[in-house]
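# Structural overview
What follows is the residue order along each chain.
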Amino acid sequence: MEHRYEREYGCLILRMPRELDHHQAEILKEEADELIQNYPVRSLVFDFTDTQFMDSSGIGVIIGRGKNVRFSGGYVRAVHLNGQIQRIFQLSGLRKIIEVE
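Everything quoted here is computed from the prediction, not taken from an experiment.

## Re the environment of Pro-17
Residue placement: Pro-17 occurs in the loop between strand E2 (11-15) and strand E3 (19-20). Put simply, Pro-17 and Gln-52 are 35 residues apart on the chain and 8.5 Å apart in space, counted from C-alpha to C-alpha.

## With respect to the packing of helix H1 (residues 22-38) against helix H2 (residues 56-71)
Two elements in contact, H1 and H2, have axes separated by 9 Å at closest approach and are oriented at 10 degrees. Judged by the angle between their axes, H1 and H2 are roughly parallel. Facing His-22, Ala-25, Leu-28, Lys-29, Ala-32, Asp-33 and Ile-36 of H1, the residues of H2 in contact are Ser-57, Gly-58, Val-61, Arg-65, Asn-68 and Val-69. Looking at the contact of H1 with H2 residue by residue, the classes come out as 6 nonpolar, 4 polar and 3 charged.

## Let's talk about the pairing of strand E1 (residues 4-8)
Two faces belong to every sheet, and in a regular strand the side chains alternate between them. Examined bridge by bridge, E1 and E2 share 5 bridges and lie antiparallel to one another. Pairing of Tyr-5 across the sheet is with Leu-14, part of E2. Hairpin remark: E1 followed by E2, antiparallel, with 2 residues in the connecting loop; positive phi at Tyr-9, about 50 degrees.

About the cut-offs
Residues numbered from 1 in each chain as written. Predicted model: local features only at pLDDT ≥ 70, side-chain atom pairs only at ≥ 80, totals over all residues. Heavy atoms only, no water. Helix = DSSP H or I, 4+ residues; strand = E, 2+ residues; numbered from the N terminus. Axes fitted to C-alpha atoms, helices over the stretch in contact; angles between N-to-C directions. Parallel < 35°, antiparallel > 145°, perpendicular 65-115°, else oblique. Contact = heavy atoms within 4.5 Å. Nonpolar A, V, L, I, M, F, W, Y, C, P; charged D, E, K, R; others polar. Pairing = 2+ DSSP bridges.

What follows is the structure in C-alpha cells.
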C-alpha cells in the first residue's frame, strides 16, 4: 500500500499515493474513515508530495473525508500540490472548500 498516515495531537496527515485512482481511493477512504472515527481529529491534512495522478475518485475521497472532519468542528487543508494536482483542484472547485498551501 502506497499511502501512509501520521497522527499527532488531533492532526491526521494522509500522505496520498502516487496514483490516486479508483482502487487506491477505496482503500484510502476505508483507512481514513476508520482513523477519523476512532481518534479525535481536529485537523485533516492531505499531503500530495508524491502524487502525480488523481481522478474523480480521489476528488470524492477528499470531499467526503473533509465533510466528516468539518462536521465535528475541524478543518481541512491540502499541501505540496504539483501543477497537475493544483489544476484538478481549481477545475473541480476543491479550492473553494479546502484550504491549499
